[in-house]
Structure formats: C-alpha cells, structure tokens
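This is what each chain is made of:
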Amino acid sequence: MSMDRADIAFTVNGAAVSVNVPPLRRLSSVLRDELRLTGTKVGCDAGDCGACTVLVDDEPVCACLTPAASAAGTAVTTVEGLAKGRLSVLQASFLAHGAAQCGICTPALLVAATALLDTKPRPTETEVQDALGGILCRCTGYRKIIAAVMEASLQAASLDFRLPRSCHAIGASPVRLDGVPKVTGAEKFGGDSFPADALAVLVIRSPHYHAGFAFGDIDGWASRHPGIAGVFTAADIPGKNCFGVIGPFADQPALAEGVARLRGEAVALVAGEREAMLDLDLSDFPVRWTELPHVLQPCDAQATGAALIHESRPANLLTKGFVERGDPELALASAAFTASGTIDTSYVEHAYIEPEAGYAYLDGDTLVVVACTQAPYMDRDETAKVLGLAVDKVRIVPTATGGGFGSKLDISLQPLIGLVALKTGRAAALAYTRNESMMSTTKRHPARMKATIGADADGYVTGMVFEGDFNTGAYASWGPTVANRVPVHASGPYATPNYRAEGRAIHTHGPIAGAFRGFGVPQATIMQETLYDELAGKLGMDRLDFRLKNCLRNGSETVTGQLLESGVGIAECLQALRPHWARATADADAFNSASIDRKRGVGIASCWYGCGNTSLPNPSTIRVGIVADGAVILHQGAVDIGQGSNTVITQICADALGLPLEKFQLKSADTAISPDAGKTSASRQTFVTGKAAEKAGRALRETILRFANVSDKASLQLDGPAIVIREGEATRHIDLASLEMDADSFVFRAEETYDPPTLPLDAKGQGKPYAVYGYGAQIAELEVDLKLGTVKLIRIIAAHDVGKAINPLLVEGQIEGGIAQGIGMALMEEYIPGRTENLHDYLIPTIGDVPPIETILIEVPDPEGPFGAKGLGEHVLIPTAPAILNAIRHATGVLVTKVPATPSRILAAIREKEART
C-alpha cells in the first residue's frame, strides 16, 4: 500500500468529514481508526464474513473491500447512525427478539436489514435471507434475526424495554442487560478501544508443521525499517515460558524456543508505530527455517518408532480417560442383538466472528491487559507466570467477547502484548488476522471412534464398549478434559449396566485441539446414537421407543455408578417429541412413496451433559451489595460471551434478594474488582455462578432482615436512598445514607461461593463426576438428492430439559445457536490445516442453511441448581449432528461414517451400497 496520502471528503451518518489517508486504505480502517466509529467490525478483511457492512449511498457494501478513495463524495451510514436520539424500530426489534447474542455481527446485520426495509417494509423470509446472506453469525442460528427483521414494523408500536418492576425476574425474558450497546455499536470488543498511541504488534509464525529455526541479525533488520520499536523472542521472556489451562499438563511456550511444533506457532514479535506496521513487509524477517518430519494423524504418531513430540510423553500419548462397570464382554457375548461401527470426525474451527484482540499497558507497576476472553482469572495467572510477575501485578479487564465457544479459554495474545508493554513501557495492541486466528488457535478434536452396543430380546441395552483416539495436536490445551469427559458420557443418557469406555488424547503436529462446546461429547454421541438406530432396526423397534425404553430415570445409576436421585428429564424430552416424530415419519413415508430422485429422512438423537468440571473443584464467587443511593451493585465476574450470563445471573440474584431487576447495576468481570466466577465453559455459569448468585442474594436479604429485626416473610423495597421493609401491617424505613459504608461503599453486602459437590473417579472411573446433568433430544427432518448427494434441512425440533428456564428467550437463543453449529459439524465444517485458514474456504452455516427450529422447553428441576436450573450451552449442539446423520440414513439407507457428511461422501456411500446390491 502506498504511503502517499490524500484528503478524502464524504459524509458519515449525516456529518461531513475529511480524512487524510492513503487512497487505498480500507474504508473499514478509516471508519474505525480515524473516525473511531468502531461499531463497524472487522472479522476477516476479505469480504467473507460481512461484519464490516456499511451503507454507501444507501447500498450495503463490505467496508473492508472498499478503498477510502471510493467513498469520496458519498454518504456513508454505519450502525452508529441508525439510532437518532432513540433506537430505530429495527434495533428495538432485535432487542425484543433476542437477535443479538455476542453482538459482533449485529451492527452489520442491522445496517443491511435497514437497507432492505427501506425498499421492502414487509419482506418475506426469502427476501430477508437474500439481503443478509453475506453476513455470518456464529451465535444465534439466525432464526431470531429473521423474525426481528420481518416483524420490525409490525411490532414497533408495542415495544417496551423497561425492566420488570416486580420481584419475579425468573421465568421472564427481559431485554438482556447488555443489549442496548450491542445494537447501537457502542459495545467495545477486543479491538475497539486501542489507545491512539499504542504500539502495534505483529507476530512471526512458523509456516511449517514442524521445524527448527534460528534468527539472523534482528537488530540490523529492525534498523532498516523506520518506526520499529523492538523485536522480541523467547530470550526476552522474563518468566517461565510455558503455559496451559491445566497446570500439570502445561507445555506450550508463549514464543517457541528453537523448534516450532505446529503451523502458525509464534516465534517472535515485532512492535512499532501503527502507520509503520500497516506497511511493514515481514517476508525478509531474519529467521531461517529447517523443516523437520511431521505427523498429523494419531495412528502415525503412535506407530512404532515414531518420533516423540514431547520427550516426556511416550508413544505421543498425552493422557487417557477410562470408565468400566460390570462385565461388558460377557454382556455383548450373550446379547440377542449387537451393533458395531466406526466413526471419524474432523477438526472443527470455532469461527467466532471476532478474531483475538486486545491491548496491554502499565498502570504504575501493574500490567493491565484489556482483551476478549472467556477466563480472566486463568489469563491473569498464566500471563503472570510467563512474564515473571506476581499475580497481583497483573490485571485482566475483559472486553465484550465476540464469540468464544471454548477457544478463548486458552490464552493467546495476552502474554505477547504484555511482554511488549513491559519491555517498552508503552501500550501495545494486537488484533489477530483471520488467517492468524485460524492457524494458531484451538479446534474441536478430530476423533476416530469405534464401539459395540448390545441389547437383549426385549430391547434393553445390556452392554457397550467404546474407544476413541482424539487428535489433541501439538500441545495439551484441554486434551485431558476431553479424554476424561468422553468415557463418562459415551453411553448417552441411557441405562447401560455393563460398560467400558476409553478416550485417548494423542499428540500430533496438527493444530492444537482444545475446548469447543462439548469437550468431545458431540463426537462420542455421533458414535453412540448412530449405533442406537442400528440396534433399533435389528430389534424391529421404533427408534424413539427404543430410546425411551432405555433412557435414564430418577433412581437410575450412570456408567460411573452415580445414583441419579432426581432431576432426570430425558424421558420427558423424548415424550415431548413423540407427536412430532409421528407426524414427521408419516410425512417422510408419504413423500418417499411419490419421489424417486429425492428422499426424505427423519432422525432422532439424545444427549446428556454434566455441568461443570469433571470431578474437580469448580467454584464461583459472587459479591452483591447496596450503596447509599439505593442501587444494588452486583459484582458479576462470569464473562458473558453472548450466552446471556450478565442477565441470567442478575435475574437469579434479584429474585433471591427480593428486589426488582431494574435496581441492579452490574460490575462485570475484572480481576481487580470482581471475585472469581470461574471460566465461561462446561455449561457451568447458570448452574455454578447462578447458585453463587442465589446464595449471595439470599445472604444479603438475610443481613437486611436481621438488621431490621423482621422475619423472612418480610418484603423489601428500595425507595431512593431508603429501604422500605414491610411485614404484615408494619412498615419500617432504613435511611441508607445514615449507615456506615465499607471500603467498597456498601452499606449492606454479601459475598458467597458455590462449588458443586462431586467425587473423584476411581481407577475404573466410578464416582460422582458432576452434581447436575442436563438432558435433551432433537428430531431432524431433511431431504437428500440421491443424484447430487446434497441435503436440504426441512425442520429441527428440539426438546431440552433446562431444569428451570430462568430467561426463556435466551434459552431459545442458545438452542438455536447450538443447533446451527451442530448443522455445520454434521454437513460442512472440516478444518484442513494449510487449506481452510479463512472464512471463504472454511464453510460455516449461513442464514440460508438453518431451517425453522421448534423449541420445546422441558423443566424438570434439579434441587442442586439455582431455582432448579441446569446448564444448557453445550447440550444443545450435541444431538444435532447424530440426528442429521440418522436422518440421512433413514432417507438413503446409508450411514456416512466420516463427518462432515458432504455431498461427495453421501454419494460415495450410496454408490458403495448400490455396488453391494
């Protein structure tokens, strides 16, 4: 890009502006960096995600593909221009429908939909899909976006966004507490608030899967490039150059030392002035690579004589998990029917629309890191270790996070920008490119699994054996969690008296495989649920009836020997699907009798999922208090990555305290001010942090009632700077301003911790790994073109037991978003290192790929959860892929055993079947 500049004048949101920039500078960069209109997001810089969509003379364009010179003389509208003093009808509709989750794609969707509604005030669903088809969303599943756009004008007059004034927040669906900034563009994500004078950081990464490397004359190279402030390597790291999410397995360097073990591994940092870094050519950076042999498949990594990726891990085995109960061999040998199979799954990319981004600076002697994350306290501890700082000298301030799904649990750029800030004394900022993000961050584990399940003549499952090899890549990340969680869950939510399962995490030189919505359980469920269909067929049983016959119930024991005394809702989920199953199978039969080249299929699958860590401590702490002006301050440290924890946890605390939601003010996750609410993962926040919020709310209520010397039947009301307490005919006023304040300005306060009661697993995997499980089942209806192998989804019906729907609208949003990701896993998503490192070649579902979704909320309360609630985030993705695969088999008679089931794989399976017959 030429450094020659030009004055370019245009209008933005009705105001005249003039910028002096290189004419080829991206319009997205001009809007964000020069005009500070950060509502326009950058997800790929390639026109693939659409997050940068703005209007130029009322036409939607990708600002990342538009040169600044092209904007000269035009009228540009960004999301900040939609709200003229008050929310537009469309913005209000997005809030009312829960169409904004993480919010990173929301500005682009609003801008594009505004253009549509200006010409078609009553658009059809097809017209909405066409207008928004170029904008990717990874959270919502699109259905609520479509509804929000279609109903924007119809509901304009009735939209009301006041929070409930009653003391009954649970079960209501108030507008999410962080919703308005998401639809106005005011929300600040990782790359939205870089200090103007911050050094820009670039990362030198390995182009090879496995290579030795050595640096040349770095100082000489830097001196030839004006604007460079420093180049940093592993030799500059002052602490322990090793991090990991699970302490005993930590093995990953922040900057590699002499050897790179995966493509994209960071080896050096270049920091400099922003303008200089925009034009810096890194192709001549002085690093010499010596490519070394590599292995990408677990079978090759475990072959006799294979070189070790880590010397301390024989046979490249990171770890394994094991569960055994009864005598599975005897059970299978005596079974009336057995079904056996093998399933292979692929790497799946998280593909959040916000790449990793953040900045770091020194506040006195404290390093402050402001970045997107799912786990601020883990970030703090690992960053401090790498940089040789005391933990209390590192502060993590999470920004809004534009999707995470597990990958933003691992630290990425935090120690890198921290190192630059420490070494230079200046703020340092880094935003990963899409290519960097996809190369270097974690993926869903590819798996090769095989299993056998047996049943007696009456249709009861008698035994199961399962084994799976999970490709954990070059470093440990969450591999141990996957290896241990899979054997606990591989039976599905079914009584399996004789059982053995082993999960192995195996190192390769492939991408690091970490946490991704389910920790290996979605892969294992594909294996188990496809075998259940086969067994039902051999038994001559209806597939839903077979599942209902074998599902866990109150009083059942799991494969780990855990007695489930109450709260088991899988039977209720399956029963709720029964009328839909009868209708869908009848529709399929009628369709298939009249169609030759296209066949309809119906599939079903179930899930269960333990909420929280597996047999490990898993605490959350919540602080809540009342200040002198009558506000309720909630220190809510659970990072909201779009799932709604800011709102749900506040709703729980509000009802426990007995005060309305409108009185609450949030102090969100910040390691300097809020207690540790644990990481946002493992479907734990509603359950674990929600329980801590319930305890804290009740404790604060008890403190106030004791102060007033009234019983727990009294009601509380805040009236300005006073608490009004009523019991029977008696009323008492407490003047808050007259009370002594503590160091946090609270006049009343409570802080409570909750850690779920679990027990360790013994050598045979017996114990109580989770305090609460969630359950669900889904039906997929689809058509397969037998000549093309293409799949058209017709409908998905999802019944999920959430214990108690704290916020039904947010629950529906989680279900729809999880199903969309399950669709991608089943049909299209396959990350191939070196080939699909962008959002053009790596396919995720678009707005046209997600069919209508019918949600059925089942509420079987669990006494351990807050107000009976269970976790949900991961559960909703787990049944989708196996339901789709079972539906494809119902339509075609073939099971695709390599996932995703692409058209070529479906056709190959059909041709193979035809060749056998």
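Below is a short write-up of the structure. Just so you know, these numbers come straight off a predicted model, no measurement behind them. (Residues numbered from 1 in each chain as written. Predicted model: local features only at pLDDT ≥ 70, side-chain atom pairs only at ≥ 80, totals over all residues. Heavy atoms only, no water.)

### A short note on the overall build of the protein chain
Secondary structure assignment for the protein chain yields 23 helices and 33 strands. Computed over its C-alpha atoms, the radius of gyration of the protein chain comes to 28 Å, within 12% of the 29 Å expected for a compact globule of 917 residues. On the principal axes, the C-alpha backbone points of the protein chain span a range of 85 × 80 × 60 Å. Among the 917 residues that make up the protein chain, the fraction classed as buried is 63%. Sequence-distant contacts in the protein chain: of pairs separated by 6 or more residues, those separated by 24 or more amount to 77%. Entry remark: accessible area of the protein chain is about 31700 Å², with carbon and sulfur atoms responsible for 51%. (Helix = DSSP H or I, 4+ residues; strand = E, 2+ residues; numbered from the N terminus. Rg over C-alpha atoms; globule rule 2.2 N^0.38 Å. Buried < 20%, exposed > 50% of the residue type's maximum accessible area, 1.4 Å probe, protein only. Contact = heavy atoms within 4.5 Å. Areas by Shrake-Rupley, 256 points an atom, 1.4 Å probe, with all protein chains shown as cover.)

### As for the sheet that holds strand β10 (residues 266-272)
The seven strands lie next to each other as β8-β10-β6-β18-β15-β16-β17, forming an open sheet whose pairing is mixed. Of all the strands in the sheet, just β8 (228-233) and β17 (394-398) have a single pairing partner and so form its edges. Averaged over neighbouring strand pairs, the angle between their axes works out to 25° when direction is ignored. Across five bridges, the pairing between strand β16 (residues 366-371) and β17 is parallel. Each residue of the ladder has a partner; that of Val370, found in β17, is Val397. In this fold helix α12 (residues 376-387) packs onto β16 and β17, with an angle of close to 145° to the strand it touches most, β17. In this fold helix α13 (residues 414-424) packs onto β6 (199-205), β8, β10, β15 (357-363), β16 and β18 (428-431), with an angle of close to 35° to the strand it touches most, β15. (Pairing = 2+ DSSP bridges. Axes fitted to C-alpha atoms, helices over the stretch in contact; angles between N-to-C directions.)

### Overview of the environment of Asn241
By the element assignment, Asn241 lies in the loop between β8 and β9 (259-260). On the accessibility criterion, Asn241 (14% relative accessible area) is buried. Separated by 371 residues in the primary sequence, Asn241 and Gly612 place their C-alpha atoms 29 Å from one another. If we ignore the near neighbours within four places in the chain, the residues touching Asn241 are Ala234, Gln252, Pro253, Ala254, Leu255 and Glu257. In this structure the side chain of Asn241 is engaged in a polar contact, spanning 2.9 Å, whose partner is the side chain of Glu257. (Polar contact = N/O pair within 3.5 Å; in protein donor to acceptor, adjacent residues only side chain to side chain.)

### Section: the nonpolar core
Within the largest apolar cluster, 155 residues are counted, with the highest numbers of intra-cluster contacts made by Phe94, Leu132, Val149, Phe466, Leu577 and Ile884. Those residues within four positions of Phe94 in sequence are excluded, and the remaining contacts are Ala99, Ala100, Thr106, Leu109, Leu110, Ile145, Ala148, Val149 and Val183. Formed by 43 residues, the second largest nonpolar core is a distinct cluster that contains Val688, Ala692, Ala750 and Ile806. (Core = buried A, V, L, I, M, F, W, Y, C linked by side-chain atoms within 4.5 Å.)

### As for the packing of α12 against α13
Close contact between α12 and α13 brings their axes to 10 Å; oriented N to C, the two are set at 50°. Here α13 runs oblique to α12, going by the angle between their axes. Judged by the sense of rotation from one axis to the other, the crossing of α12 with α13 is right-handed. Along its contact with α12, which presents Asp379, Thr383, Val386 and Leu387, the element α13 presents Gln414, Pro415, Gly418, Leu419 and Leu422. Grouping the constituent residues of the contact of α12 with α13 by class yields five nonpolar, three polar and one charged. (Parallel < 35°, antiparallel > 145°, perpendicular 65-115°, else oblique. Left-handed = near helix turned anticlockwise from the far one by under 90°. Nonpolar A, V, L, I, M, F, W, Y, C, P; charged D, E, K, R; others polar.)

### Looking at the layout of surface pockets
Counted as a void, the second largest pocket has a volume near 770 Å³. Together, 33 residues line the second largest pocket, and Val245, Ile246, Asn613, Leu616 and Lys679 are the ones closest to its centre. Mapped onto the lining of the second largest pocket, the elements with two or more residues apiece are α12 and α15 (479-489). No other element matches α12, which puts six residues into the lining of the second largest pocket. (1 Å grid on protein atoms, 1.4 Å probe; cavity = no way out; pocket = protein on both sides within 12 Å on 5 of 7 lines; lining within 4 Å. Points joined across faces, edges and corners; volume = space filled by probe spheres on them.)

### Some thoughts on the sheet that holds strand β26 (residues 664-668)
The strand order across the open sheet formed by four strands is β26-β25-β24-β30, and the pairing between neighbours is mixed. Across the chains shown, the open sheet's two edge strands, defined by having one partner strand only, are β26 and β30 (746-754). If you compare each strand with its neighbour and ignore which way they point, the axes differ by 20° on average. One ladder, built from four bridges, connects strand β24 (residues 620-627) with strand β25 (residues 632-636); its direction is antiparallel. Paired with Ile626 across the bridge in β25 is Val632. Running over the sheet, helix α19 (residues 645-657) touches β24, β25 and β26 and is turned about 130° from β26.

### Topic: empty space enclosed by the protein
A full pass over the atoms with the stated rule returns eight cavities of 30 Å³ or more. Of the pockets and cavities examined, the largest cavity occupies roughly 560 Å³. Broken down by element, the lining of the largest cavity gets its largest block of residues, four residues, from helix α21 (residues 808-827). A breakdown of the residues in the lining of the largest cavity according to their chemical character gives 15 nonpolar, 17 polar and five charged. In this structure, the second largest cavity occupies an estimated 260 Å³ of space. Forming the walls of the second largest cavity are 20 residues, and the residues nearest its centre are Phe243, Gln252, Ile411, Ser412 and Ser440. A breakdown of the residues in the lining of the second largest cavity according to their chemical character gives nine nonpolar, eight polar and three charged.

### Things to note about α12
In an α-helix, one turn spans 3.6 residues, which is why side chains three or four residues apart end up on the same side. Over its 12 residues, α12 extends 16 Å from the first C-alpha to the last, a length consistent with the 16 Å expected when each residue adds 1.5 Å. Burial within α12 is extensive, with nine of its 12 residues counted as buried. Inspection of α12 places Pro376, Tyr377, Asp379, Arg380, Glu382, Thr383, Ala384, Val386 and Leu387 among the buried residues, and these make up the whole buried set. Elements that come into contact with the buried residues of α12 comprise β16, β17 and α13. (Expected span 1.5 Å × (residues − 1).)

### Remarks on the pairing of strand β32 (residues 791-801)
Buried residues dominate β32, accounting for eight of its 11 residues. The pairing of strand β31 (residues 773-785) with β32 spans 10 bridges and is classified as antiparallel. Within β32, the position partnered with Gln778 by the bridge is Ala798. Hairpin geometry of β31 and β32 is characterised by an intervening segment of five residues between the two adjacent antiparallel strands and by a positive phi of about 80° at Gly789. Bridge count for β32 against strand β33 (residues 853-858) is six bridges, and the pairing is parallel. The residue of β33 that forms the bridge with Asp801 is Ile858.

### Thoughts on the pattern of salt bridges
Scanning all chains against the criterion turns up 59 salt bridges. Between Asp45 and Arg26 there is a salt bridge; the shortest N-O distance is 3.7 Å. With Asp45 in the loop between α1 (27-34) and β3 (53-56) and Arg26 in the loop between β2 (15-21) and α1, this pair connects stretches of sequence that are 19 residues apart. Between Asp251 and Arg313 there is a salt bridge, with the nearest N and O atoms lying 2.5 Å from each other. With a gap of 62 residues between them, Asp251 in the loop between β8 and β9 and Arg313 in the loop between α10 (298-301) and β12 (317-325) connect regions that are remote in the sequence. Taken individually, Asp251 and Arg313 each receive the classification buried, so the pair is uniform in this respect. Connected through shared salt-bridge partners, Arg5, Arg25, Asp33, Glu34, Arg274 and Glu275 make up one network. (Salt bridge = Lys/Arg side-chain N within 4 Å of Asp/Glu carboxyl O.)

### Let's talk about the side chain of Asp785
Mapping Asp785 onto the fold places it in strand β31. With no salt bridge to any partner, buried Asp785 finds its closest opposite charge in Arg598, at an N-O distance of 5.8 Å. Setting aside anything within four residues of it in sequence, one finds Asp785 in contact with Asp597, Arg598 and Thr790. (Lys, Arg positive; Asp, Glu negative; His and termini not counted.)

### Topic: helix α18 (residues 570-594)
Spanning 25 residues, α18 covers 35 Å between terminal C-alpha atoms, matching the ideal 36 Å at 1.5 Å per step. At Arg578, α18 shows its largest kink, close to 40°, and the proline Pro579 lies no more than four residues downstream. Where α18 is concerned, the buried positions are Ile570, Ala571, Cys573, Leu574, Leu577, His580, Trp581, Ala584, Thr585, Ala588, Phe591 and Asn592. For α18, the secondary structure elements touched by its buried residues are α17 (543-550), β23 (598-610), β31, β32, β33 and α22 (880-892). (Bend = angle between axes of the 7 residues up to and from the residue.)

### Description of the environment of Val270
By secondary structure assignment, the location of Val270 is in strand β10. Residue Val270 is classed as buried on the basis of its relative accessible area of 0%. Taking the C-alpha atoms as reference, Val270 lies 9.3 Å from Leu282; in sequence the two are 12 residues apart. Once residues within four sequence positions are removed from consideration, Val270 is found in contact with Ala200, Val201, Leu202, Ile204, Trp221, Ile228, Gly230, Val231, Met277, Leu280, Leu282 and Phe285.

### Some thoughts on the side chain of Thr401
By the element assignment, Thr401 lies in the loop between β17 and α13. Exposure remark for Thr401: the relative accessible area of 2% places this residue in the buried category. Not counting residues up to four positions away in its chain, the partners in contact with Thr401 are Cys102, Phe189, Glu354, Cys372, Thr373, Lys408, Val639 and Ile641.

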